[in-house]
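Listed below are the residues making up each chain.
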Amino acid sequence: ELYEFSGKCSVCTKTGVVDISPLYPFGIALPSTLVEQMSDFCLDQIQKVICIENKTNYDEYLLSEIQPDELVFYHGGFLSPQKRAFLKVLAQSLCPETKVLFWADIDLGGFQMFFHLQAIFPGLVPMRMGAKEVRKYKAMGLTRSDEYLDHLADCLQERQYSIFSDAIHEILACKATIEQEAFL
């Protein structure tokens with residue numbers, strides 16, 4: 001695996017420091033084999049970490065929206081053990097006041113990825129995954145089966161899904177979920 005991210009920061013390894021700041025805003029991809037050699041990140045200029053699930057949206061964000069105080073990480077779906085280890089090193093390097101956000105599809109898979117990532121970043125906040133976005137992009141939504149919608153409705157009874165309850169209600173109303181590509 002390759003782990004792609006961009007930001008004005010450095011990665012500290014057992015053999016030296018890799019400063020990726022000169023690559024801002026385009027970023028870098030580091031190999032998963034480096035994870036065991038990583039000790040921490042130097043994040044002096046970083047006040048916000050944004051994890052973006054979709055590659056196209058990640059690339060577009062780097063070209064048009066990234067800010068100098070942000071570290072943006074390409075999430076790429078459910079976490080492998082090595083990617084989880086990479087993100088744990090990142091999490092341990094963050095200041096307590098650093099904001100961490102996650103942007104994925106507004107659907108059950110995106111919600112589940114959020115919860116997996118929240119285990120690493122307890123203060124994680126969803127980004128562009130609310131009812132407002134469902135309303136805005138519902139015309140481009142992915143129509144869902146009654147079985148899927150019933151399962152999603154059942155999730156409303158689970159406490160952890162309360163953070164997405166407004167989005168779930170909107171999904172149930174329009175019977176469609178929103179893929180990240182709809183934002184482009």
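A brief report on the enclosed structure follows.

**Brief notes about helix H5 (residues 146–155)**
Regarding H5, the residues found buried are Tyr148, Leu149, Leu152 and Cys155. In an axial view of H5, the angular spread of the buried residues amounts to 105°, which keeps them on one side of the axis. In H5, those exposed residues whose orientation departs by more than 90 degrees from the buried face are Asp146, Glu147 and Asp154. Lining the buried residues of H5 we find helix H3 (108–118), helix H6 (165–174) and strand S11 (176–177).

**What about helix H2 (residues 81–93)?**
Relative to the 18 Å expected for 13 residues at 1.5 Å per residue, H2 spans 19 Å between its end C-alpha atoms, a close match to the ideal helical length. Residues Lys83, Phe86, Leu87, Val89, Leu90 and Ser93 constitute the buried set of H2. Each buried residue of H2 lies within a common arc of 150° when the element is viewed along its axis, so the set occupies one face. In H2, the exposed positions angled more than 90 degrees off the buried face are occupied by Pro81 and Gln92. Residues of H2 that are buried sit in contact with strand S1 (2–6), strand S5 (38–42), strand S6 (48–52), strand S7 (70–74) and H3.

**Thoughts on the environment of Cys51**
Mapped onto the fold, Cys51 is located in strand S6. For Cys51, a relative accessible area of 0% corresponds to the buried category. Setting aside its immediate chain neighbours within four residues, Cys51 contacts Phe73, His75, Leu101, Phe102, Trp103 and Leu117.

**Some remarks on a negative patch on the surface**
A cluster of acidic side chains, namely Asp146, Glu147, Asp150, Asp154 and Glu158, defines a negative patch on the protein surface. The residue Asp146 is located in helix H5 in this model.

Calculation notes
Residues numbered from 1 in each chain as written. Predicted model: local features only at pLDDT ≥ 70, side-chain atom pairs only at ≥ 80, totals over all residues. Heavy atoms only, no water. Buried < 20%, exposed > 50% of the residue type's maximum accessible area, 1.4 Å probe, protein only. Helix = DSSP H or I, 4+ residues; strand = E, 2+ residues; numbered from the N terminus. Arc of directions from axis to C-beta. Contact = heavy atoms within 4.5 Å. Expected span 1.5 Å × (residues − 1). Patch = residues over 30% accessible without salt bridge, like charges linked within 9 Å, V, L, I, M, F, W, Y side chains within 5 Å. Areas by Shrake-Rupley, 256 points an atom, 1.4 Å probe, with all protein chains shown as cover. Salt bridge = Lys/Arg side-chain N within 4 Å of Asp/Glu carboxyl O. Lys, Arg positive; Asp, Glu negative; His and termini not counted. Charge placed at Lys NZ, Arg CZ, Asp CG, Glu CD.

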